[in-house]
Amino acid sequence: MRKQVNEIKISYKDRTTSDKWIKINSSQCAATFIYDYWDKDTIEAHESFKVLLLNNSNKVKGVFEISKGGITGTLVDLRLLLAVILKSLSVGIIITHNHPSGTLKPSESDKAITQKIKTATGYFDIKVLDHIIIAPNAGYFSFADEGLI
(Lines give C-alpha, C1' and ligand atoms only; values in the text may rest on other atoms or scores of the structure.)
Protein backbone atom coordinates (compact mmCIF):
# COMPACT_ATOMS: atom_id res chain seq x y z
CA MET A 1 0.00 0.00 0.00
CA ARG A 2 1.38 3.37 -1.05
CA LYS A 3 1.59 6.03 1.65
CA GLN A 4 0.48 9.55 0.89
CA VAL A 5 2.40 12.60 2.04
CA ASN A 6 2.05 16.31 1.48
CA GLU A 7 4.38 17.97 -1.00
CA ILE A 8 5.69 21.38 -0.01
CA LYS A 9 5.42 23.97 -2.76
CA ILE A 10 6.46 27.59 -3.03
CA SER A 11 4.67 29.48 -5.74
CA TYR A 12 4.79 32.98 -7.17
CA LYS A 13 1.73 35.10 -6.45
CA ASP A 14 2.15 37.25 -9.56
CA ARG A 15 4.31 35.47 -12.09
CA THR A 16 6.94 37.78 -13.59
CA THR A 17 9.30 36.36 -16.18
CA SER A 18 13.03 36.48 -15.39
CA ASP A 19 13.75 39.01 -18.12
CA LYS A 20 11.72 41.55 -16.09
CA TRP A 21 13.34 40.85 -12.71
CA ILE A 22 14.98 43.87 -11.06
CA LYS A 23 18.78 43.75 -10.70
CA ILE A 24 20.13 44.90 -7.35
CA ASN A 25 23.53 46.57 -7.70
CA SER A 26 23.77 48.73 -4.57
CA SER A 27 22.25 49.22 -1.13
CA GLN A 28 20.47 52.34 -2.45
CA CYS A 29 18.90 50.27 -5.25
CA ALA A 30 17.86 47.57 -2.75
CA ALA A 31 16.45 50.10 -0.27
CA THR A 32 14.43 51.85 -2.96
CA PHE A 33 13.06 48.52 -4.21
CA ILE A 34 12.18 47.43 -0.66
CA TYR A 35 10.53 50.73 0.26
CA ASP A 36 8.47 50.77 -2.95
CA TYR A 37 7.35 47.20 -2.23
CA TRP A 38 6.46 47.84 1.44
CA ASP A 39 2.82 48.40 2.45
CA LYS A 40 2.76 52.09 3.41
CA ASP A 41 -0.39 51.52 5.50
CA THR A 42 1.53 49.32 7.95
CA ILE A 43 5.15 50.54 7.80
CA GLU A 44 4.58 52.79 10.85
CA ALA A 45 2.30 50.33 12.67
CA HIS A 46 4.43 47.23 13.27
CA GLU A 47 7.70 45.58 12.41
CA SER A 48 7.90 43.04 9.60
CA PHE A 49 10.84 40.92 8.47
CA LYS A 50 11.23 40.02 4.80
CA VAL A 51 13.76 38.41 2.51
CA LEU A 52 14.64 39.30 -1.07
CA LEU A 53 15.47 36.10 -2.93
CA LEU A 54 18.17 36.61 -5.55
CA ASN A 55 19.57 34.65 -8.47
CA ASN A 56 23.26 34.50 -9.40
CA SER A 57 23.00 37.84 -11.24
CA ASN A 58 21.52 39.56 -8.16
CA LYS A 59 18.11 39.80 -9.80
CA VAL A 60 15.13 39.63 -7.46
CA LYS A 61 13.30 36.33 -7.94
CA GLY A 62 10.78 37.24 -5.28
CA VAL A 63 10.08 38.68 -1.84
CA PHE A 64 8.84 36.62 1.09
CA GLU A 65 7.54 37.95 4.40
CA ILE A 66 9.00 35.86 7.22
CA SER A 67 7.16 37.53 10.08
CA LYS A 68 4.93 40.35 11.29
CA GLY A 69 5.52 41.52 14.82
CA GLY A 70 4.68 44.23 17.26
CA ILE A 71 5.60 47.88 17.50
CA THR A 72 9.17 47.27 18.64
CA GLY A 73 10.11 43.85 17.33
CA THR A 74 9.38 40.72 15.34
CA LEU A 75 10.60 37.14 15.57
CA VAL A 76 12.54 35.43 12.81
CA ASP A 77 12.12 31.66 12.50
CA LEU A 78 15.42 30.62 10.95
CA ARG A 79 13.99 27.27 9.80
CA LEU A 80 11.21 28.99 7.85
CA LEU A 81 13.68 31.44 6.32
CA LEU A 82 16.01 28.62 5.24
CA ALA A 83 13.13 26.56 3.86
CA VAL A 84 12.03 29.43 1.62
CA ILE A 85 15.57 30.21 0.46
CA LEU A 86 16.37 26.59 -0.34
CA LYS A 87 13.04 25.77 -1.99
CA SER A 88 13.32 28.87 -4.21
CA LEU A 89 16.87 27.84 -5.27
CA SER A 90 18.20 31.28 -4.40
CA VAL A 91 21.97 31.81 -4.25
CA GLY A 92 21.89 35.17 -2.53
CA ILE A 93 19.56 37.06 -0.22
CA ILE A 94 19.00 40.50 1.21
CA ILE A 95 17.21 40.47 4.54
CA THR A 96 15.19 43.48 5.59
CA HIS A 97 12.92 44.77 8.28
CA ASN A 98 11.33 48.07 9.17
CA HIS A 99 11.59 50.26 12.24
CA PRO A 100 8.18 51.92 12.70
CA SER A 101 9.78 54.52 14.99
CA GLY A 102 11.98 55.73 12.13
CA THR A 103 15.18 54.97 14.07
CA LEU A 104 17.86 53.73 11.71
CA LYS A 105 20.28 52.45 14.34
CA PRO A 106 20.37 48.63 14.45
CA SER A 107 19.70 47.05 17.83
CA GLU A 108 21.90 44.36 19.32
CA SER A 109 19.20 41.80 18.42
CA ASP A 110 19.28 43.10 14.81
CA LYS A 111 23.03 42.48 14.72
CA ALA A 112 22.69 39.06 16.37
CA ILE A 113 20.01 37.75 13.97
CA THR A 114 22.06 39.00 11.01
CA GLN A 115 25.08 36.98 12.15
CA LYS A 116 22.93 33.93 12.91
CA ILE A 117 21.40 34.04 9.42
CA LYS A 118 24.79 34.64 7.79
CA THR A 119 26.27 31.63 9.59
CA ALA A 120 23.34 29.34 8.75
CA THR A 121 23.16 30.29 5.07
CA GLY A 122 26.92 29.94 4.75
CA TYR A 123 26.58 26.17 5.22
CA PHE A 124 24.61 26.12 1.96
CA ASP A 125 26.84 28.57 0.03
CA ILE A 126 24.08 31.18 0.08
CA LYS A 127 25.34 34.74 0.42
CA VAL A 128 23.72 37.31 2.68
CA LEU A 129 24.47 40.43 0.65
CA ASP A 130 22.90 42.93 3.04
CA HIS A 131 20.50 43.55 5.89
CA ILE A 132 18.56 46.74 5.30
CA ILE A 133 16.49 48.54 7.91
CA ILE A 134 13.75 50.68 6.36
CA ALA A 135 12.11 53.71 7.99
CA PRO A 136 8.64 55.11 7.21
CA ASN A 137 10.22 58.21 5.61
CA ALA A 138 12.13 56.00 3.10
CA GLY A 139 15.39 56.36 5.01
CA TYR A 140 17.48 53.22 5.37
CA PHE A 141 20.43 51.64 7.13
CA SER A 142 22.62 49.15 5.26
CA PHE A 143 24.65 46.62 7.24
CA ALA A 144 26.86 46.11 4.17
CA ASP A 145 27.61 49.82 3.79
CA GLU A 146 28.60 50.02 7.46
CA GLY A 147 30.82 46.91 7.33
CA LEU A 148 28.50 44.85 9.58
CA ILE A 149 27.97 41.98 7.11
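Placed above this text is the structure.
Note that this is a predicted model, so its numbers are computed, not measured. (Residues numbered from 1 in each chain as written. Predicted model: local features only at pLDDT ≥ 70, side-chain atom pairs only at ≥ 80, totals over all residues. Heavy atoms only, no water.)

### Examining the sheet that holds strand S1 (residues 48-54)
Overall, mixed pairing links the five strands, which are arranged S2-S1-S3-S4-S5 in an open sheet. The two strands at the open ends of the sheet, each matched to only one other strand, are strand S2 (60-68) and strand S5 (140-142). Here the strands of the sheet are splayed against their neighbours by 20° on average, with no regard to which way each runs. (Pairing = 2+ DSSP bridges. Helix = DSSP H or I, 4+ residues; strand = E, 2+ residues; numbered from the N terminus. Axes fitted to C-alpha atoms, helices over the stretch in contact; angles between N-to-C directions.)

### Some remarks on the side chain of Thr 96
With respect to the element layout, Thr 96 can be found in strand S3 (residues 92-98). Residue classification places Thr 96 among the buried positions, given a relative accessible area of 1%. A polar contact is formed between the side chain of Thr 96 and the backbone oxygen of Ile 132, at a distance of 2.8 Å. Ignoring sequence-local partners within four residues, the contact set of Thr 96 consists of Ile 34, Trp 38, Ser 48, Phe 49, Lys 50, Leu 52, His 131, Ile 132 and Ile 134. (Buried < 20%, exposed > 50% of the residue type's maximum accessible area, 1.4 Å probe, protein only. Polar contact = N/O pair within 3.5 Å; in protein donor to acceptor, adjacent residues only side chain to side chain. Contact = heavy atoms within 4.5 Å.)

### Structural notes on helix H3 (residues 108-122)
Compared with the 21 Å implied by 1.5 Å per residue over 15 residues, the 21 Å span of H3 between its first and last C-alpha is a close match. Regarding H3, the residues found buried are Asp 110, Ile 113, Thr 114, Ile 117, Ala 120 and Thr 121. On an axial view of H3, the arc spanned by its buried residues comes to 135°, and they lie on one face. Projecting away from the buried face of H3 at angles above 90 degrees are the exposed residues Glu 108 and Lys 116. Packing partners of the buried residues in H3 comprise S1, helix H2 (78-87), S3 and strand S4 (127-134). (Expected span 1.5 Å × (residues − 1). Arc of directions from axis to C-beta.)

### Some thoughts on the packing of H2 against H3
Interhelical geometry of H2 versus H3 gives an angle of 45° and a closest axis separation of 11 Å. In terms of their interaxial angle, H2 and H3 are classed as oblique. Two packed elements cross with a definite hand, and for H2 against H3 that hand is right-handed. The segment H2 lies against H3, with Leu 78, Leu 81, Leu 82 and Ile 85 engaging Lys 116, Ile 117, Ala 120 and Thr 121. Across the contact of H2 with H3, the residue classes break down as six nonpolar, one polar and one charged. (Parallel < 35°, antiparallel > 145°, perpendicular 65-115°, else oblique. Left-handed = near helix turned anticlockwise from the far one by under 90°. Nonpolar A, V, L, I, M, F, W, Y, C, P; charged D, E, K, R; others polar.)

### Points about a nonpolar patch on the surface
A cluster of nonpolar residues, Leu 86, Tyr 123 and Phe 124, forms a patch on the protein surface that exposes about 360 Å² of accessible area. With respect to the helices and strands, Leu 86 occurs in helix H2. Leu 86 gets classed as partly exposed once you look at its relative accessible area, which sits at 37%. (Patch = residues over 30% accessible without salt bridge, like charges linked within 9 Å, V, L, I, M, F, W, Y side chains within 5 Å. Areas by Shrake-Rupley, 256 points an atom, 1.4 Å probe, with all protein chains shown as cover. Salt bridge = Lys/Arg side-chain N within 4 Å of Asp/Glu carboxyl O.)

### Side note on the layout of surface pockets
Volume-wise, the second largest pocket comes out at about 230 Å³. As for the second largest pocket, its lining consists of 14 residues, of which Glu 47, Gly 73, Thr 74, Ser 109 and Asp 110 are closest to the centre. Here the lining of the second largest pocket takes three residues from H3, the largest share from any one element. Looking at the lining of the second largest pocket, its residues break down into four nonpolar, eight polar and two charged. (1 Å grid on protein atoms, 1.4 Å probe; cavity = no way out; pocket = protein on both sides within 12 Å on 5 of 7 lines; lining within 4 Å. Points joined across faces, edges and corners; volume = space filled by probe spheres on them.)

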